[in-house]
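Secondary and tertiary structure notes
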Amino acid sequence: MRILLTGGTGYIGSHTAIALIDAGHEVTLFDNFSNSKPAVLDRLREITGVTMDFYEADVTDAAALDRVLNERAFDGAIHFAAPKAVGESIARPLHYYKNGVAGTVALLQAMERHDVRNVVYSSSATVYGMSDDLPLQEDAPTEVINPYGRTKLMCEEILADLHQSDPRWNVIALRYFNPVGAHPSGLIGEDPQGVPANLMPFLAQVAVGRRPSLHIFGDDYPTPDGTGVRDYIHVLDLAEGHVAAVEHLQQSPGFDVINLGTGNGVSVLELVAAFEQVAGVPIPTEVVGRRPGDGPASWADASKAARILGWTATRDLDEMVADVWRWQSHNPDGYPD
Ligand code: UDP
């Protein structure tokens, strides 16, 4: 198959490009470098031996989408391109609705014009809100509490409406839990711009000496050690989940929403301890107040992905941490400009 990856040079997109190539598919990456760097393309070539087919363009740009869809025959698209920081979404909602929602509509319209109707959508477990009905199943009630979460839920609903209107549209929305880790080569990984909003990249930057200490956002949650519990999943497991999803769409068309997680919860303190052990460096921490909008615990019921896609996560926490540490210690400042 040839698959279009919007957001293809981003953290999850780049790892998915490798997984697709490893599975024998061809990829075209489409990205505006708003949250990634051109160096990713060199690293992908180094890892795969393949020079990636690449378009530098914005997913809201209909003419650019038409160009790529005219020039290649695609079997489907995986739509990653979207901004993804909760705090920024509260400060800049229009940026989120333009790029997250209008960008998705622009992509789907362009796909329709070119008769490409298989799409895997990059959704998030954030659509479950603060639900404490664990493990989270796909039919749990959704609740979104910030513009970022709303963009994800709105796009799922747009895709459901589209499938309803025309069953030739085949859709799988993948709800990611907490993607972490990096390719074991240490050549690609997560490279957030500015202060990392997420735990693992922040922890990695503390470990490498870029930041003095990790702020633990609350140790008084109703969890075994009082810190927040999440379902961390290796980005390569996540990437392989996308390969399973696009392959599934070819054989079993329809509309589905599927969790990608491990099914295991890990606390902030457990993650810090794993990092200290694997990296062999102490991580200074400081407990501060809870972060607004955070819930105590979230982990997936991952059985639907196993049942429908034949996919389960295989990489454990130590492997996630070891791969993050290799990436971060080899690239302390992230990708070169
Ligand atoms: N967290 C923390 N310090 C940080 C960033 C995150 O203690 O600098 C905690 C956060 O409260 C949550 C967990 O780490 O319990 C995972 O947070 P992250 O932002 O990575 O993911 P999300 O909240 O979206 O699940």
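My aim in this report is to walk through the structure given alongside it, one point at a time.

Conventions used here
Per-chain numbering applies: the sequence of each chain, read as written, is numbered from 1 onward. For this predicted model, a pLDDT threshold of at least 70 governs which residues receive local features, and a threshold of 80 or more governs which side-chain atom pairs are given and counted, while totals over whole chains, interfaces and linings are taken from all residues. Computation of side-chain values: all heavy atoms of the structure, hydrogens and water removed. The helix count covers DSSP runs of H or I at least four residues long, the strand count covers runs of E at least two residues long, and both are numbered beginning at the N terminus. What the globule rule says is 2.2 Å times the number of residues to the power 0.38, and the radius of gyration is computed from C-alpha atoms. Here the term buried applies to any residue with accessible area under 20% of the maximum for its type, exposed to any over 50%, and partly exposed to those in between, with areas from a 1.4 Å probe on protein chains only. Throughout, a residue-residue contact means that at least one pair of heavy atoms, one from each residue, lies within 4.5 Å. Residue-level accessible areas treat just the shown protein chains as cover; the underlying method is Shrake-Rupley with a 1.4 Å probe. Whether a residue is near a molecule or strand depends on its heavy atoms: if one lies within 4 Å, it is near. Polar contact is the term for a pair of N or O atoms within 3.5 Å; when the atoms are in protein, one must be able to donate a hydrogen and the other to accept it, and sequence-neighboring residues count only if both atoms are side-chain atoms. Residues were grouped as follows: Ala, Val, Leu, Ile, Met, Phe, Trp, Tyr, Cys and Pro as nonpolar; Asp, Glu, Lys and Arg as charged; and all remaining residues, including Gly, as polar. Any two strands with at least two DSSP-identified bridges between them are counted as paired. Inter-axis angles, ranging from 0 to 180 degrees, are taken between N-to-C directions of lines fitted to C-alpha atoms, where helices are fitted over the stretch in contact. Angles below 35 degrees are treated as roughly parallel, those above 145 as roughly antiparallel, those between 65 and 115 as roughly perpendicular, and all remaining angles as oblique. It is the rotation of the near helix from the far one that decides the hand of a crossing: anticlockwise by less than a right angle makes it left-handed, clockwise makes it right-handed. A pair is scored as a salt bridge if a Lys or Arg side-chain nitrogen falls within 4 Å of a carboxyl oxygen belonging to Asp or Glu. For this analysis, a nonpolar core means a set of buried residues of the types Ala, Val, Leu, Ile, Met, Phe, Trp, Tyr and Cys, connected via side-chain atoms within 4.5 Å.

Next up on the list: the overall build of the protein chain. Within the protein chain one finds 11 helices and 13 strands. For the protein chain, the C-alpha radius of gyration of 19 Å lies close to 20 Å, the compact-globule estimate for 337 residues. For the protein chain, the spread of C-alpha atoms along the three principal axes comes to 55 × 45 × 40 Å. The 337 residues of the protein chain split such that 56% are buried. Within the protein chain, residue pairs in contact and separated by at least 24 positions form 81% of the contacts whose partners lie at least 6 positions apart. Working note: accessible area of the protein chain is about 13,800 Å², and carbon and sulfur atoms make up 49% of it.

A word on the site of the ligand. As a structural note, the neighbourhood of the ligand is formed by 14 residues, with Leu 199, His 215, Arg 230, Arg 291 and Asp 294 the closest of them. Asn 178 is positioned with one of its side-chain polar atoms (N or O) 2.9 Å from an oxygen atom of the ligand. Burial of the ligand by the protein chains amounts to 87% of its free accessible area of 510 Å². Residue composition of the shell around the ligand, by class: 7 nonpolar, 4 polar and 3 charged.

Let's shift gears to unusual backbone geometry. Cis geometry is found at the peptide bond from Leu 134 to Pro 135, where omega equals -5°. Note that Pro 135 resides in the loop between strand 5 (118–124) and helix 6 (147–165). Phi at Phe 33 takes a positive value of approximately 60°, unusual for a residue other than glycine. Mapped onto the secondary structure, Phe 33 falls in the loop between strand 2 (26–31) and helix 2 (39–48). Phi at Asp 115 takes a positive value of approximately 60°, unusual for a residue other than glycine. Relative accessible area serves as the criterion here: at 55%, Asp 115 is assigned to the exposed category.

Take the sheet that holds strand 6 (residues 170–176) next. The parallel open sheet is built from 7 strands, whose spatial order is 3-2-1-4-5-6-11. Strand pairing shows two members of the sheet lacking a second neighbour, strand 3 (53–56) and strand 11 (255–260), which therefore form its edges. Between one strand axis and the next, the sheet turns by 20° as a mean value, whatever way the strands run. Sheet topology places strand 4 (residues 76–79) next to strand 5; 3 bridges connect them, and they run parallel. Within strand 5, the position partnered with Ile 78 by the bridge is Val 120. Of the strands in this sheet, strand 1 (2–6), strand 2, strand 4 and strand 6 touch helix 1 (residues 11–22), which is tilted by about 170° from strand 1. Packing of helix 3 (residues 62–71) onto the sheet brings it into contact with strand 1, strand 2 and strand 3, and relative to strand 2 it is tilted by some 170°.

Further remarks concern the packing of helix 7 (residues 199–207) against helix 9 (residues 268–279). What describes two packed helices is the angle between their axes and the distance between those same axes. Between helix 7 and helix 9, the least distance of the axes is 11 Å, while the angle of their chain directions is 40°. One element, helix 7, and the other, helix 9, form an angle in the oblique class. As helix 7 packs across helix 9, the resulting crossing turns out to be right-handed. Between helix 7 and helix 9, the contacting residues are Leu 199, Met 200, Leu 203, Ala 204 and Ala 207 on the first element and Val 268, Leu 271, Val 272 and Phe 275 on the second. In the contact of helix 7 with helix 9, the residues fall into 9 nonpolar, no polar and no charged.

It is worth spelling out the pattern of salt bridges at this point. For the coordinates displayed, the defined rule picks out 20 salt bridges. Measuring nitrogen to oxygen at the nearest pair gives 3.7 Å for the salt bridge that ties Glu 190 to Lys 84. Within this pair, whereas Glu 190 is found in the loop between strand 7 (178–180) and helix 7, its partner Lys 84 is found in the loop between strand 4 and helix 4 (86–91), the two being separated by 106 residues in sequence. With a shortest N-O distance of 4.0 Å, Arg 315 and Glu 319 are connected by a salt bridge. The exposure class of Arg 315 is buried, given its relative accessible area of 17%. Overall, the relative accessible area of 34% leaves Glu 319 in the partly exposed class. Each member of the salt-bridge network shares a partner with another, and the members are Arg 2, Glu 26, Asp 53 and Arg 72.

This brings us to the nonpolar core. Counting 41 residues, the largest nonpolar core has Leu 5 and Leu 174 as its most contacted members. Secondary-structure elements contributing two or more residues to this core are strand 1, helix 1, strand 2, helix 2, strand 6, helix 8 (235–251), strand 11 and helix 10 (303–309). Beyond its immediate sequence surroundings of up to four residues, Leu 174 is in contact with Val 120, Tyr 121, Ser 122, Ser 123, Ser 124, Gly 241, His 242, Ala 245, Ile 258, Leu 260 and Leu 309. Formed by 28 residues, the second largest nonpolar core is a distinct cluster that contains Ala 64, Val 68, Val 101 and Val 116.

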